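Observations on the three-dimensional arrangement
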Amino acid sequence: MDPKERSTDKAAQEMIARMAKAGQENAWDRLAAQMPQCGFGKQGVCCRICAMGPCRITKKASLGVCGADVDTIVSRNFLRAIAAGVSAHSDHGRTVAEVFLATAKGEAGDYQIKDVTKLHKLAQEFGVKVDGRSPNEIAVDIGEIALAEFGKAEGTQLMARRAPEPRKAIWDKLGITPRAVDREVTESLHRSTMGVDQDYKNILLHASRVALADGWGGAMLATELQDVLFGTPYPGRGEVNMGVLQKDQVNIIVHGHEPILSEMIAAASQDKELLAEAKKVGAKGINVAGTCCTANELLMRHGIPIAGNFLNQELVVATGAIELMAVDVQCVMQGLTNVAKCYHTKLVTTADKAKIPGVEHVSMDERNALNTAKDLVKMAIDNFKNRGEVYIPKQKSAAVGGFSFESINYMLGGRYRASFRPLNDNIINGRIRGVVGIVGCTNPKIPQDLTHTTLTKELIKRDVLVLTTGCATIACGKQGLANPRDALDLAGPGLREVCEAVGIPPVLACGSCVDNTRLLVSCTELVREGGLGDDISELPVAGACLESVSEKAYAIGQYFVASGALVVFAKEIMPISGSQNVSDYLFGGIEKDLGGKWAVESDPVKAAELILAHIESKRDTLGINKEKERKLYDMADRRALSVE
Ligand code: BF8
Ligand code: SF4
């Protein structure tokens, strides 16, 4: 297959061609070998949760052996996928909470509480006393409360209190205010086992509840605690794509999700002794770059370069320039082992819960974190001499990352009064039509990055502010859309004017997949600031992921829907088409219950139309599309025009 049909990223195209020439396999080749994929699986109609099965629903056999109908089977599979996604984000959150607590207690000396302002804010939210106490004392209480959120016996998620009041009332009325993460995941598995919940709407109601335990629970805690521990991101420059690899330096790739590891490797790479060692082996320095979400975390906080997103992981190794790739959890392809074998690259697993046969394991213990990271850097340096042929594609793009909620708030409001007011005002006056989150993965079924970048361009052209996370951020970054200057040239006149006035780009890189919670917090702030309705469901906002891969993407989609937003996925990647009832409910009926809904559209241009129509209908309902009386300037105009 022509590499251009596999990826829209020029560096990836080069590497795909090189791998093909060398007879090396990657995800696209393995996908081809899987064709045709199982039609039952695609529709979500197969069930193998008990030993009377596996069953699959066909015209000939409309019920499983137990009598389960297609609605039960499809909704149960969907719930299980969401629960798995929730467990991934939230287990990440729990690890962060554990390291946070160990840090506060002085048991993880290499980490420290970096953002005391945010610590105090969390303390206020959690009812923790601040006066006369040191940051570590406060953090011990916060850490203990946070850790309990994952497994507490009673009560609901503390973070869910952040949601707008009408939203919380909807959740309460439906009985889906999320409880402890572990409880919601356990109940998901219980309800979806053989012979338990067999009412598809009831099953999908719990899908919302478990997803909310992630968005307004585990994942939100991951983001908040990481900010306190590693620093709340503020905008800074970085570079994205394989061209960030350095031919004359020791290259280390950190891959996975938890910054617990990558933060330490980044620190160890600056160690003077290790730098001297690198020089001794003939390298000019130590270059750390990231792939996948851990890359977003490092770009957000340190401007550390990003080598690529999910589908780039094998291609990066195939450059022959990587001395060591340290991986932790999630989205790490086992296929990496075969590619690494073709080169000198040392692949190292670091999380005890995620090992790979034949791959060296170095356990990352937070109590000895920096030393472990130094050992890894040393391994990389020692491996430099084993390099063979190296080919590094030239492509790289400048990018600005670091758009946390706090930094957006600060930039919009200015130094003296952080505020969303200018954004609300400009949505109300129509210069900005709405706000859309473009998130998630890259899937080999779709030319890499195509939909994220096309949708982003279509939306900013039509004056929609775009917030990105996960691999979609990296997709945009690679194609220059996270470069404010280039992106501004593609923005519609209204959006451009506002962006130039307040000094934000039209595409905001907001971080990793757990950082989708920054988008929930931002939506809540849009409501709180006033003028755009009382609930998230009234806002002219939407979310989209047309290249989803992971179960985590369903979890994210469902918590946005349950928070009141429209969420658009690609049709062929939404495994519910086997049930008309489930499809009708998720694409329509659920809106009456929760104010949000799913939609499917695989074509990014049509997806943009669909989203814009949704945004305009929300604007109509809000009454902000009505022609206003002509006037010279109002306050909003003046604010939008004032350049600091
Ligand atoms: O959590 S976007 S492919 S890397 S799942 Fe994975 Fe998808 Fe990338 Fe990050 Ni998110
Ligand atoms: Fe078949 Fe029912 Fe068992 Fe599923 S639970 S495998 S549908 S018998």
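Rules used in this analysis
- Residues numbered from 1 in each chain as written.
- Chains lettered and ligands numbered in written order.
- Predicted model: local features only at pLDDT ≥ 70, side-chain atom pairs only at ≥ 80, totals over all residues.
- Heavy atoms only, no water.
- Domains from an automatic or database assignment.
- Buried area = accessible area lost by both parts, 1.4 Å probe.
- Salt bridge = Lys/Arg side-chain N within 4 Å of Asp/Glu carboxyl O.
- Polar contact = N/O pair within 3.5 Å; in protein donor to acceptor, adjacent residues only side chain to side chain.
- Helix = DSSP H or I, 4+ residues; strand = E, 2+ residues; numbered from the N terminus.
- Nonpolar A, V, L, I, M, F, W, Y, C, P; charged D, E, K, R; others polar.
- Buried < 20%, exposed > 50% of the residue type's maximum accessible area, 1.4 Å probe, protein only.
- Arc of directions from axis to C-beta.
- Contact = heavy atoms within 4.5 Å.
- Phe/Tyr/Trp six-rings, centres within 6.5 Å; stacked < 30°, edge-to-face > 60°.

**What to know about the domain arrangement of the protein**
For the protein, the assigned domains read domain 1 (3–56), domain 2 (70–230), domain 3 (242–386) and domain 4 (400–546 + 601–622). The distance between the C-alpha centroids of domain 3 and domain 4 comes to 31 Å. Between domain 3 and domain 4 lies a buried interface of about 1300 Å² when both sides are counted; carbon and sulfur atoms form 65% of it. Summed over the three residues of domain 3 that lose the most area to domain 4, namely Met300, Asn309 and Leu311, the buried surface amounts to 46% of that side. Scanning the region where domain 3 abuts domain 4 turns up zero salt bridges. Our count for the contact surface shared by domain 3 and domain 4 stands at nine residue pairs in polar contact (both at pLDDT 80 or more). For the side of domain 3 that touches domain 4, the elements supplying multiple residues, two or more each, are helix 13 (292–302) and strand 6 (306–308). Sort the elements by how many residues they give to the side of domain 3 that touches domain 4 and helix 13 lands first, with eight residues. When grouped by side-chain class, the residues that make up the side of domain 3 that touches domain 4 number eight nonpolar, four polar and two charged.

**Examining helix 8 (residues 165–174)**
Residues of helix 8 that are buried: Arg167, Lys168 and Trp171. All buried residues of helix 8 fall inside an arc of 95° around its axis, so they share one side. When the buried face of helix 8 is taken as reference, the exposed residues oriented beyond 90 degrees from it are Glu165, Asp172 and Lys173. Each element contacted by the buried residues of helix 8 is listed here: helix 10 (200–230), helix 24 (551–562) and helix 25 (580–594). Positive phi shows up at glycine 175, right after helix 8, with a value of about 70°.

**Brief notes about the packing of aromatic side chains**
The tally for this structure, following the rule as stated, stands at nine aromatic pairs. With a centroid separation of 5.7 Å and an interplanar angle of 65°, the aromatic rings of tryptophan 171 and tryptophan 216 are classed as edge-to-face. Within this pair, whereas tryptophan 171 is found in helix 8, its partner tryptophan 216 is found in helix 10, the two being separated by 45 residues in sequence. Among the residues examined, tryptophan 216 registers a relative accessible area of 0% and is labelled buried. Here phenylalanine 405 and phenylalanine 420 contribute two aromatic rings whose centre-to-centre distance is 5.4 Å and whose plane-to-plane angle is 40°, an arrangement assigned as tilted. Of this pair, phenylalanine 405 sits in helix 17 (residues 405–413) while phenylalanine 420 sits in the loop between helix 17 and helix 18 (421–428), and the two are 15 residues apart along the sequence. Given a relative accessible area of 14%, phenylalanine 405 falls into the buried group. Overall, phenylalanine 420 belongs to the buried group, its relative accessible area being 2%. Joined through ring pairs, the aromatic side chains of Phe78, Tyr554, Phe569 and Trp598 make up one cluster.

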